[in-house]
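# Architecture and fold: a report
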Amino acid sequence: MTPAGAERLPSRAARLLSALFYGACSLFLVLLNKALLTTYGFPSPIVLGIGQMAATIMILYVAKLNKIIHFPDFDKRIPVKLFPLPLLYVGNHLSGLLSTGKLSLPMFTVLRKFTIPLTLLLETIILGKHYSLDIVASVFTIVLGAVVAAGSDLAFNLEGYIFVFLNDIFTAANGVYTKQKMDPKELGKYGVLFYNACFMIIPTFIISVSTGDFQQATEFNQWKNVLFIIQFLLSCFLGYLLMFATVLCSHYNSPLTTAVVGAIKHGWRPEIFLLNTGQAVQA
């Protein structure tokens, strides 16, 4: 009989598969969002984010109703248990969408590497985890290598730089705090995902309406294009999968592992794939 304590230790296969799942979801979502925001010229990354939050809420709620998954019902203690995850969640989501639309993919790849040292730093501060000098040196080697490799593609875009660095900070903080709050005796991984989306979808919708972002989305001229609609809905679904995969990877591994997998994924050149399939992206 397996000891109770042993069940808490994930197998090597679980760690590897969760990392691969996260990398695949993240890669395909970047490709799809880049196509929606540049090839089709969809003007509203915030509405795209709202769609991904709505997909998360609906999928998890239906799964809970059908007893496929379990997470606690709402009570007044849940906002306290979650804080500051909802704020980090929406900041990570929106800054990621905005940075994808404003930077070339090579530049996006380089700047996203800074998530790794930020994650290492926050794990040390918040979780009290300490890494060896070899790991610290490897982290900074990854960042340096990315800058050198993409040096010929660098182009200055102040707004894009700001959004992607904010995305780095939000991503690192979100990963570390998610790891801290995924106690199965409390909300668990499904509860963290569900209540994050619930708490932030309405404020995000209000921001979208007040900034004119929602109106631009409703007036977009591609809503009768079946291919665009399919890709928009697929982006919403992949947004949910990415949120789930991020939580799963951090649960079985660590936030630093999740950040490194994201860096490996960004090291692959998506614009080459898009050009080869005839779906040119202005990178």
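Residues numbered from 1 in each chain as written. Predicted model: local features only at pLDDT ≥ 70, side-chain atom pairs only at ≥ 80, totals over all residues. Heavy atoms only, no water.

The next subject is the UniProt feature "transmembrane region" (unreviewed entry) in the chain. Cross-referencing UniProt, the feature "transmembrane region" (unreviewed entry) maps to residues 16–36, 42–62, 135–155, 161–178, 190–208 and 228–249 in the present numbering. Regarding residues 16–36, the helix share stands at 100% and the strand share at 0%, and the terminal C-alpha atoms are separated by 31 Å. Helix makes up 86% of residues 42–62 and strand 0%, whereas the separation of the span's terminal C-alpha atoms amounts to 29 Å. (UniProt positions renumbered as here; feature names shortened; annotations may be inferred. Helix = DSSP H or I, 4+ residues; strand = E, 2+ residues; numbered from the N terminus.)

A few words on the packing of aromatic side chains. Within the structure shown, the criterion is met by 22 aromatic pairs. Between the aromatic rings of tyrosine 40 and phenylalanine 228, the centroid separation amounts to 5.4 Å while the plane-to-plane angle is 65 degrees, which identifies the pairing as edge-to-face. Here tyrosine 40, found in the loop between helix 1 (12–39) and helix 2 (45–65), pairs with phenylalanine 228, found in helix 11 (residues 226–252); they are 188 residues apart in sequence, far enough to count as distant. Of the two residues, tyrosine 40 and phenylalanine 228, neither departs from the other in class, the shared state being buried. Judged by centre distance (5.3 Å) and plane angle (75 degrees), the ring pair of tryptophan 223 and phenylalanine 232 falls under edge-to-face. A relative accessible area of 10% means that phenylalanine 232 is categorised as buried. The ring of phenylalanine 71 has lysine 64 lying over it, and the distance from NZ or CZ to the ring centre is 4.7 Å. (Phe/Tyr/Trp six-rings, centres within 6.5 Å; stacked < 30°, edge-to-face > 60°. Buried < 20%, exposed > 50% of the residue type's maximum accessible area, 1.4 Å probe, protein only. Lys NZ or Arg CZ within 6 Å of the ring centre and 35° of its normal.)

The subject of this paragraph is the side chain of aspartate 213. Locating aspartate 213 in the fold gives a position in helix 10 (residues 213–218). Look past the residues within four positions of aspartate 213 in its chain and what remains in contact with it is Pro43, Ser44, Pro45, Ile46, Val47 and Ser208. (Contact = heavy atoms within 4.5 Å.)

Attention shifts here to the packing of helix 2 against helix 11. Interhelical geometry of helix 2 versus helix 11 gives an angle of 65 degrees and a closest axis separation of 8 Å. Classified by chirality, the crossing of helix 11 by helix 2 is right-handed. For the pair formed by helix 2 and helix 11, the contact residues are Val47, Leu48, Gly51, Gln52, Met53, Ala55, Thr56, Ile59 and Leu60 on the first element and Phe232, Ser235, Cys236, Phe237, Gly239, Tyr240 and Met243 on the second. Split into classes, the residues belonging to the contact of helix 2 with helix 11 amount to eleven nonpolar, five polar and no charged. (Axes fitted to C-alpha atoms, helices over the stretch in contact; angles between N-to-C directions. Left-handed = near helix turned anticlockwise from the far one by under 90°. Nonpolar A, V, L, I, M, F, W, Y, C, P; charged D, E, K, R; others polar.)

Counting across every chain of the model gives three salt bridges. One salt bridge connects aspartate 75 with arginine 77, and the closest N-O pair in it is separated by 3.6 Å. Here aspartate 75 falls in the partly exposed class, since its relative accessible area comes to 24%. When its relative accessible area of 52% is taken as the criterion, arginine 77 is described as exposed. Here arginine 112 ties to aspartate 168 by a salt bridge, and the two come within 2.9 Å at their closest N and O atoms. Residue arginine 112 is located in helix 5 (residues 105–112), and its partner aspartate 168 is located in helix 8 (residues 158–181); the two are separated by 56 residues in the primary sequence. Since its relative accessible area comes to 13%, arginine 112 is described here as buried. (Salt bridge = Lys/Arg side-chain N within 4 Å of Asp/Glu carboxyl O.)

Moving on, we come to the nonpolar core. Ranked by internal contacts, the top residues of the largest apolar core, which has 39 residues, are Met53, Leu60, Leu82 and Tyr195. Mapped by element, the contributors of at least two residues to this core are helix 1, helix 2, helix 3 (78–82), helix 4 (85–102), helix 9 (188–210) and helix 11. Residue contributions to this core peak at ten residues, all from helix 11. Residues Leu37, Tyr40, Ala217 and Phe228 belong to the second largest nonpolar core, which totals twelve residues. (Core = buried A, V, L, I, M, F, W, Y, C linked by side-chain atoms within 4.5 Å.)

Turning to unusual backbone geometry, a few remarks are in order. Looking along the chain, the bond that leaves phenylalanine 83 and enters proline 84 is cis, with omega of 5 degrees. Tracing the sequence through the fold places proline 84 in the loop between helix 3 and helix 4. Although it is not a glycine, lysine 67 sits at a positive phi angle of roughly 60 degrees. Tracing the backbone shows lysine 67 in the loop between helix 2 and helix 3.

Moving on: a nonpolar patch on the surface. On the surface, Ile202, Phe205, Ile206, Val209 and Phe214 cluster together into a nonpolar patch covering about 450 Å² of accessible area. Considering every element that reaches the nonpolar patch, the biggest residue donor is helix 9, with four residues. Examined against the element boundaries, phenylalanine 214 turns out to sit in helix 10. Residue classification places phenylalanine 214 among the partly exposed positions, given a relative accessible area of 32%. (Patch = residues over 30% accessible without salt bridge, like charges linked within 9 Å, V, L, I, M, F, W, Y side chains within 5 Å. Areas by Shrake-Rupley, 256 points an atom, 1.4 Å probe, with all protein chains shown as cover.)

The next point concerns helix 1. Given a rise of 1.5 Å per residue, 28 residues ought to cover 40 Å, and the 40 Å separating the end C-alpha atoms of helix 1 matches this to within 8%. Directly after helix 1, the chain includes glycine 41, whose backbone phi takes a positive value near 75 degrees. (Expected span 1.5 Å × (residues − 1).)

To continue, consider the confidence of the model for the chain. For the chain, the mean per-residue pLDDT works out to 81, and 84% of the residues sit at or above 70. Contacts for the low-pLDDT stretch residues 1–7, under 50 throughout, to residues beyond four places or in other chains number one contact. (pLDDT = per-residue confidence, 0-100.)

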